[in-house]
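These are the residues of each chain, in order.
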Amino acid sequence: MKLSEWARQQGVSDQTAWRWVKDGKMPVPVRQAPSGTWLVDEVAVQPSGRVVVYCRVSSAGQKADFDRQVARVVSGANGLGLAVAEDVTEVGSGLDGRRRKLHWLLSDPQTQVIVVERRDRLARFGGEYLDAVLPTSGRRLVVDSTGTTDDLVRDITEVLASMCARLRGRRTAKRRTAKRRAARAVAVVTGEAAG
């Protein structure tokens, strides 16, 4: 895999990985392709703890996508030499901080590697914090991304999704408030208002 991709998986910056290559301090074998690209020949070391795949969809209407998502992520993890012990699936918004199964997964000390298809499947925002915190307890997050890796595109997508969710929430609240007001007005006019 490319040096930059390996750096992202390990939770280090591209510059740090490049410095390690130049200083001969890479913890895994690395070689330069004829094109000049640095490639990491990572030796597949099976972690001592469990490897868990985490898959999420935003709504119950997308539950049919779970099987395909799980199959893709398990296949990607196996391709990286990781033997998956369990897959955890959850329905919930990427903006919601109250996802029970994700909380359990992050607090389970036996889970050493968490594999996700894309970073936004784990958390719409703040995935970088998890990248920084998990290694302190000897754990890691593996993103088996087959989609776009352009940071600008990813950032714009995350911001738009957040704003759309806020707007949808405001519209829903406005509709509910209007319905309550209308119901109260009808109750007053018909004399059904509790006094």
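In this text the structure is predicted, and so the values were computed from the model without any measurement.

Enquirer: Before we move on, could you go through the overall build of the protein and cite the residues and values that matter?
Expert: When you go through the protein residue by residue, the secondary structure sums to seven helices and six strands. Going from the N terminus to the C terminus, the protein shows its helices and strands as α-α-β-β-β-α-β-α-β-α-α-β-α. Considering the protein as a whole, with its 195 residues, one finds that 30% of them fall into the buried category. Taking the contacts inside the protein whose residues are at least 6 apart along the sequence as the reference set, 63% of them involve residues at least 24 apart. Entry remark: accessible area of the protein is about 12,300 Å², with carbon and sulfur atoms responsible for 54%.

Enquirer: Please give an account of the sheet that holds strand E3 (residues 50–57) that cites residues and values.
Expert: Strands sit in the order E4-E3-E5-E6 across an open sheet of four strands; the sheet is parallel. Single-partner strands in this sheet number two, and they are strand E4 (86–91) and strand E6 (140–143). In this sheet, adjacent strand axes meet at a mean angle of 25° when their direction is disregarded. Strand direction decides the pairing type here: E3 and E4, joined by six bridges, are parallel. Residue pairing in the sheet places Tyr-54 in a bridge with Val-88 of E4. Across the face of the sheet, helix H4 (residues 100–107) comes into contact with E3, E4 and strand E5 (111–116) while running at roughly 145° to E4.

Enquirer: Would you mind going over helix H2 (residues 14–23) in detail, with residue names and values included?
Expert: All buried positions along H2 are accounted for by Thr-16, Ala-17 and Val-21. Each buried residue of H2 lies within a common arc of 140° when the element is viewed along its axis, so the set occupies one face. Exposed residues pointing more than 90 degrees away from the buried face of H2 are listed as Gln-15 and Lys-22. Next to the buried residues of H2 lie helix H1 (3–10), strand E1 (30–32) and strand E2 (38–40). Positioned one or two residues after H2, Gly-24 has a phi angle of 70°, which is positive.

Enquirer: Explain the packing of aromatic side chains to me, using residue names and the numbers behind them.
Expert: This structure, assessed with the given rule, holds one aromatic pair. Seen in terms of ring centroids, Trp-18 and Trp-38 are 6.1 Å apart; in terms of plane orientation they differ by 65°. Their pairing is edge-to-face. Of the two residues, Trp-18 is situated in helix H2 and Trp-38 in strand E2; the sequence distance between them amounts to 20 residues.

Enquirer: Could you give me a rundown of the pairing of E3, with the residues and numbers involved?
Expert: With seven of its eight residues buried, E3 lies for the most part within the structure. Bridge analysis of E3 against E5 gives four bridges, and the strand direction is parallel. Bridge pairing in E5 places Val-52 opposite Ile-114. Regarding the hand of the β-α-β motif, the stretch spanning E3, helix H3 (residues 65–79) and E4 is right-handed.

Enquirer: Go over the pattern of salt bridges with me, naming the residues and quoting the values.
Expert: Counted according to the given criterion, the structure contains three salt bridges. A salt bridge links Glu-86 to Arg-50; the nearest nitrogen and oxygen atoms lie 2.7 Å apart. Linking Glu-86 in strand E4 with Arg-50 in strand E3, this pair joins segments that are 36 residues apart in sequence. A salt bridge links Asp-108 to Arg-50; the nearest nitrogen and oxygen atoms lie 3.0 Å apart. With a gap of 58 residues between them, Asp-108 in the loop between H4 and E5 and Arg-50 in strand E3 connect regions that are remote in the sequence. The exposure class of Asp-108 is buried, given its relative accessible area of 12%.

Cut-offs applied
- Residues numbered from 1 in each chain as written.
- Predicted model: local features only at pLDDT ≥ 70, side-chain atom pairs only at ≥ 80, totals over all residues.
- Heavy atoms only, no water.
- Helix = DSSP H or I, 4+ residues; strand = E, 2+ residues; numbered from the N terminus.
- Buried < 20%, exposed > 50% of the residue type's maximum accessible area, 1.4 Å probe, protein only.
- Contact = heavy atoms within 4.5 Å.
- Areas by Shrake-Rupley, 256 points an atom, 1.4 Å probe, with all protein chains shown as cover.
- Pairing = 2+ DSSP bridges.
- Axes fitted to C-alpha atoms, helices over the stretch in contact; angles between N-to-C directions.
- Arc of directions from axis to C-beta.
- Phe/Tyr/Trp six-rings, centres within 6.5 Å; stacked < 30°, edge-to-face > 60°.
- Right-handed = clockwise from strand over helix to strand, strands pointing away.
- Salt bridge = Lys/Arg side-chain N within 4 Å of Asp/Glu carboxyl O.

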